[in-house]
Amino acid sequence: MKRWIALGLVMVMVSAFSAWGGAKPVILATTTSTQDSGLLDLLVPQFEKESGYQVKTIAVGSGQAMKMGERGEADVLLVHSPAAEKKFMADRFGSRRRLVMHNDFVLVGPATDPARIKGTSAQEAMGRIARSQGLFLSRGDNSGTHAKELGLWKGAGVVPEREKWYQQTGLGMGQTLDVAAEKRGYTLTDRATYLAHKKRLGLVILVEGDNALLNIYQVIELAAGKNTRINSAGGQAFADFMVAPKTQELIGRFGVDKYGAPLFTPDAGKNPASLGI
Amino acid sequence: MEVLYDGIIQAFSLMISLDAEVLAVTLLSLKVSCGATLVSLILGLPIGTLLALARFPGRRLVVSMVNTGMGLPPVVVGLFVTIFLWRNGPLGFLEILYTPSAMIVAQAVIAMPIVAGITMASIQNLPATMKLQVLALGATRVQMVWILVREARLPLLAAVMAGFGGVISEVGASIMVGGNIKGQTRVLTTATVMETGKGNFDVAIALSIILLMLAFGVNYLLTVIQQRERPR
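Draft legend 1. Representation of the overall build of chain B. When helices and strands are tallied, chain B shows 11 helices and 0 strands. Mapped in sequence order, the helices and strands of chain B form the string α-α-α-α-α-α-α-α-α-α-α. A principal-axis box enclosing the C-alpha atoms of chain B has dimensions of 65 × 45 × 25 Å. Put simply, chain B has 232 residues, and 48% of those count as buried. Considering only contacts within chain B whose residues lie at least 6 apart along the sequence, 75% involve residues at least 24 apart. A total accessible area of about 11,500 Å² is found for chain B, and carbon and sulfur atoms account for 72% of it. Put simply, chain B has 15 plus and 10 minus side-chain charges, and the middle of one group is 21 Å from the middle of the other.

As structure tokens, this is what we get:
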């Protein structure tokens, strides 16, 4: 019996070591929001079927995704941090950046709204939260959402870092929403994650529809010149797939069955200036 | 509490219906953690035995390092293994980052000190005169080591259990070196983290219950083997 157990263990290990193979995989570094919304579960298998590439989706914050790109540890990026992306492209880490889609950020908080931000502009809302010292939960993780939030504070002329009412979770969006709900604080979230969590949160949307709150996703191919190990062909194939008309149609319909409205607006081929970036 | 109730219901419905994705995730957890435990045994048993029987300068330092290693934080292991396995890292040519092999490597690093430490303790716990007796009866050194290891085999199974228990339940290293990729490196713990992030608490609870049952099942099997013969 012992011999059989040992044999079984060896077989298990051998099969675990030989569990992959085939075409060179494409490493997609992206944000947690694209994964947590379920969009990639729809698109990635479609791409794998069409192209024959195997995709390894690494869902991290936009900041970390771009760091992976800089180091040549990813083949293609799908990120939403326009200012940081601009620098990334200027530093020649990326060879091409294309618009994929957008949705929007919303400011959420308790229905009692102690800082009275409901219906104001994003900038005004940030100012009011600071003045009334309403509890604000920040991602604090260098993600695209965090970058957007910092931009909004800057626009409102507020430096929140050392304030008592400003708390950084260092967690993903879903968990930050949970913390905000428990502590009855305000937070900035992308709409898709908020909708996915809404049912148990008790947080309501207070500010939305402001142009400053657009959440724009772009796909970036990495410059192969910087690193010979990058799978440029695979990265390019994925980027092409993301902006292809058929994929864009899938994106435009995603979420309708579950939330009654699409979670993302497809943007491929649009002029970035039309979205204000 | 309603969430907990839903989760338990969900766990059993997922298990009874043999949900393909949950099954794949469960099997991969088992594969990776069994593989890692095996690697850690291959490395940890000899190291533990050596530390128990040999006397050499610096032994105390090594023993302290092994004992510290028994509580090695998985995220720390994950971070260093990731850096080594990066494409541009020292072991990048292997191209195993974000594969089950990388997870086996990381988990083996976590389990190895646990196995070595418990091996050392159980061999040292044998009567001190035994080594002398065995040698006096004319055994060679190799035979002596073999007899001592055989004599300590029951406590050594505890080393297997502790090693396996340590890695099947760990998430920090697995998520870093594996990447929680659907269908490739998603195991029970990383799937639980992700489902919690998605707000699917019922699925997360279901996965946790499956994980607990899996750990219990493997430990039960080993306990049965261990208890079959009473220690003398």
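Draft legend 2. Quick look at the pairing of strand β7 (residues 186-190) of chain A. Residue and element names in this part refer to chain A. Along β7, 5 of the 5 residues are buried, which leaves the element largely enclosed by surrounding structure. Residue alternation in β7 divides its side chains into two sets, Y186, L188 and D190 and T187 and T189, and both sets are buried. Two strands pair when backbone bridges link them, and strand β4 (residues 94-110) and β7 are joined in this way by 4 bridges, in the antiparallel orientation. Bridge pairing in β7 places V106 opposite T189. Alignment of strand β5 (residues 136-138) against β7, held across 2 bridges, turns out to be parallel. Bridged to F136 within β7 is Y186.

Draft legend 3. How the structure looks around helix α10 (residues 188-198) of chain B. Residue and element names in this part refer to chain B. With 9 of 11 residues buried, α10 is to be regarded as a mostly interior element. Among the residues of α10, those classed as buried are L188, T189, T190, A191, T192, M194, E195, G197 and K198. Among the residues trailing α10, G199 stands out with phi positive, at a value near 85°.

Draft legend 4. Expanded view of the domain arrangement of chain A. Residues and elements named next belong to chain A. For chain A, the domain assignment lists domain 1 (23-103 + 214-275) and domain 2 (104-213). For domain 1 versus domain 2, the distance between C-alpha centres works out to 25 Å. Residue-level contacts link 14 residues of domain 1 with 19 residues of domain 2. Buried surface at the junction of domain 1 and domain 2, both sides included, amounts to about 1,200 Å², of which 56% is carbon and sulfur. Considering only the side of domain 1, the residues that lose the most area to domain 2 are N103, L214 and Y259, jointly responsible for 41% of the buried surface there. Where domain 1 touches domain 2, the interface holds 0 salt bridges. Every element with two or more residues in the side of domain 1 that touches domain 2 is listed here: α2 (32-36), α4 (62-70) and β9 (214-222). A breakdown of the residues in the side of domain 1 that touches domain 2 according to their chemical character gives 4 nonpolar, 10 polar and no charged.

Draft legend 5. Region of the structure containing helix α8 (residues 173-183) of chain A. The set of residues buried in α8 of chain A consists of M173, G174, T176, L177, D178, A180 and A181 of chain A. Of the residues one or two after α8 of chain A, R184 of chain A is the one with positive phi, at around 55°.

Draft legend 6. Structural context of the side chain of S37 of chain A. Residues and elements named next belong to chain A. With respect to the helices and strands, S37 occurs in the loop between α2 and α3 (39-51). For S37, the side chain forms a polar contact with the main-chain oxygen of T34, separated by 3.2 Å. Engagement of the side chain of S37 in a polar contact is seen with the backbone nitrogen of L39, the distance being 3.4 Å. The residues contacting S37, other than those within four sequence positions of it, are A192, F254, L263 and F264.

Draft legend 7. How the structure looks around the interface of chain B and chain A. Listed as interface residues are 30 residues of chain B and, on the opposing side, 36 residues of chain A. Both sides of the chain B and chain A interface together cover about 3,100 Å² of buried area, and 57% of this is carbon and sulfur. Taken as a group, R87, Y98 and K198 of chain B account for 23% of the area that chain B buries against chain A, more than any other trio of residues on that side. One can count 3 salt bridges joining chain B with chain A. A salt bridge links R87 of chain B to D75 of chain A; the nearest nitrogen and oxygen atoms lie 2.8 Å apart. The tally of links from chain B across to chain A stands at 11 residue pairs in polar contact (both at pLDDT 80 or more). Secondary-structure elements contributing two or more residues to the side of chain B that touches chain A are α2 (20-53), α5 (100-124), α10 and α11 (201-228) of chain B. Considering every element that reaches the side of chain B that touches chain A, the biggest residue donor is α2 of chain B, with 5 residues. The class makeup of the residues in the side of chain B that touches chain A is 13 nonpolar, 11 polar and 6 charged.

The rules behind each value
- Residues numbered from 1 in each chain as written.
- Chains lettered and ligands numbered in written order.
- Predicted model: local features only at pLDDT ≥ 70, side-chain atom pairs only at ≥ 80, totals over all residues.
- Heavy atoms only, no water.
- Helix = DSSP H or I, 4+ residues; strand = E, 2+ residues; numbered from the N terminus.
- Buried < 20%, exposed > 50% of the residue type's maximum accessible area, 1.4 Å probe, protein only.
- Contact = heavy atoms within 4.5 Å.
- Areas by Shrake-Rupley, 256 points an atom, 1.4 Å probe, with all protein chains shown as cover.
- Lys, Arg positive; Asp, Glu negative; His and termini not counted.
- Charge placed at Lys NZ, Arg CZ, Asp CG, Glu CD.
- Pairing = 2+ DSSP bridges.
- Domains from an automatic or database assignment.
- Buried area = accessible area lost by both parts, 1.4 Å probe.
- Salt bridge = Lys/Arg side-chain N within 4 Å of Asp/Glu carboxyl O.
- Nonpolar A, V, L, I, M, F, W, Y, C, P; charged D, E, K, R; others polar.
- Polar contact = N/O pair within 3.5 Å; in protein donor to acceptor, adjacent residues only side chain to side chain.

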